[in-house]
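# Examining the three-dimensional arrangement
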Amino acid sequence: MRLSVFPIAVLLCTASMAAAQTADSNHSGETPQPNDDIARIVGYAMTRGGASAFLETLTDTIGGRITGSPQSRATAELILKALKEAGLENAYFEEYELTSTWQHGSAMGEVIQPVRHALMIGSYGWVPGTPGPIEVPVADFGAPGENHIPQAEQVRGAAVIVDLRSNGISSTYAGTRITIARQLAQAGAAAMFIVSDKPDRMVYTSAFGFYPRGPLPIISIASEDAALLRRLLARGPVKLRLDVQNSFGKGPGRERNVVVDIEGADPSEMVILCAHFDSWDAAQGANDNGSGVATVLEAARVFKALKIRPKHTIRFVFFSGEEQLANGSRAYVEQHKGELDRIRAVFNTDAGAQAPLGFQLNGRQDLEAATRKLLKPLAALDANRVYLDADFDSDHESFMVVGVPAYSMRVEPGDYDVRHHTIVDTFERIDPRMLGIQTAVMAVAAYSFANAEQAPGRRLSPTEVRELLKRTGLEPLYELEYPNAKPE
């Protein structure tokens, strides 16, 4: 019988981590960290299979989890149940209010003139549906430009094709998308068709910029289908039948985060590990972000199983509402604003189950030296790299804008962008080995920062936050997302 390569690799890895840390400590003259704890954390995380088992249960029994839906509520209950069954009895819910709730209905589109042809379309989130089946002409707006503004005589009553494939600058892209949507609605357009950048006729969904209510039906149309419409338009008028059955709830809604602590010997400070559990419902939300939830949850269970008590508290937070406007993490920051100064670091994971590379500092150059030192235990996993990039792509933004040191796990990109918010974000596409490695990386990072003699840096003042946002190019996106607020 052939020996399994994976367990041997784990043993070699954990041994090399312990040896490297001991050598580093001896040469630096510092007190060595408890290397046995780190080696045990890595071994447990990479061999128990707990993250993969939880993810399978989440995706196959609940599936897609739109914020405010019964599936989202069931997910919060599943997370709480799993934590309590692991002996983490202090796990609890924190509720907050949603400005609006939204139900995702069916979306049907077909060309009815000059030919009959079914279209592959899907609705964006938190946008209205059509007033029943409608028949409308097609207009082609093309790509937005500085002086290219929708004219009422060209788009009134039409389904308007817009080229809005992301240009890699999230603040510019998000701002342009919502601006064009509002202009089209004001000009009387019936619907906005955003050309999908996904392959193989896949469509896309998102609510970023549209929550709490988009200005008109906003539809993702397969790239191939948009090309067909344009070929037909080149020959003459084109008419569609559309039926998009989205609906909004009456009044505000309620949502919940899940919180649990591994209390430290000195609970005056804490490190937070977090991930969001909401997802879209085209598939199972396995990669975005069931994988992140599974690794953070398993990290908490590993600490409990090993009876490891860090010097400072490690808090594990599972957010809802990230896909709309980081609602869960925003609510958490507001509910815990009295303890923000106590947070040493926030580690967020929301990039999918690919090989971890290290952590993004989100522009905090002042944290770089201390972070490189504290991530040394991850060198044997090749996950100790430090990146100074900054973005608002997930829940770390809620902490970043209030000055708390906020880190994002960086991973090999793989095919994340292809699967992101599509019908192929399913469990069988997840590599369980990556879940184990990511669990180890998140747990070791938390342990290292919680046990350090000093925090990696301090909380920034509002003035310093504003300077950070300007320097990283995120100020326009901040203005879009926080129109009535200033950094606090």
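If you're wondering where the values come from, they're calculated on a predicted model, not measured in any experiment. (Residues numbered from 1 in each chain as written. Predicted model: local features only at pLDDT ≥ 70, side-chain atom pairs only at ≥ 80, totals over all residues. Heavy atoms only, no water.)

## Here we look at the confidence of the model for the protein chain
- Averaged over every residue, the pLDDT of the protein chain is 92; residues scoring 70 or more account for 91%.
- Per-element confidence in the protein chain is highest for strand 14 (residues 313–319), whose mean pLDDT is 99, and lowest for helix 1 (residues 5–28), whose mean pLDDT is 45.
- Residue range residues 18–33 is modelled with pLDDT below 50. Its contacts to residues more than four positions away, or to other chains, number 13 contacts. (pLDDT = per-residue confidence, 0-100. Helix = DSSP H or I, 4+ residues; strand = E, 2+ residues; numbered from the N terminus. Contact = heavy atoms within 4.5 Å.)

## Overview of unusual backbone geometry
- In this chain, Gln-113 is followed by Pro-114 through a cis amide linkage whose omega measures 10°.
- Mapped onto the elements of the fold, Pro-114 is located in the loop between strand 3 (107–113) and strand 4 (117–119).
- A cis amide bond links Asp-288 to the next residue, Asn-289, at an omega of 0°.
- Positionally, Asn-289 belongs in helix 8 (residues 286–306).
- Even without being a glycine, Trp-126 presents a positive backbone phi close to 60°.
- Its location among the elements puts Trp-126 in the loop between strand 5 (121–123) and strand 6 (134–142).
- Its relative accessible area of 0% is what places Trp-126 among the buried residues.
- The phi dihedral of Asp-200 is positive, around 55°, even though this residue is not glycine.
- Residue placement: Asp-200 occurs in the loop between strand 8 (191–195) and strand 9 (218–221). (Buried < 20%, exposed > 50% of the residue type's maximum accessible area, 1.4 Å probe, protein only.)

## A closer look at the layout of surface pockets
- Here the second largest pocket defines a volume of roughly 750 Å³.
- Around the second largest pocket, the lining comprises 30 residues; the ones closest to its centre are Leu-325, Arg-330, Glu-481, Tyr-482 and Ala-485.
- When residues of the lining of the second largest pocket are traced back to their parent elements, those giving at least two are strand 1 (92–98), helix 10 (327–335) and helix 16 (475–481).
- If one sorts the elements of the lining of the second largest pocket by residue count, helix 10 sits on top with 5 residues.
- Residues that form the lining of the second largest pocket fall into these classes: 16 nonpolar, 5 polar and 9 charged. (1 Å grid on protein atoms, 1.4 Å probe; cavity = no way out; pocket = protein on both sides within 12 Å on 5 of 7 lines; lining within 4 Å. Points joined across faces, edges and corners; volume = space filled by probe spheres on them. Nonpolar A, V, L, I, M, F, W, Y, C, P; charged D, E, K, R; others polar.)

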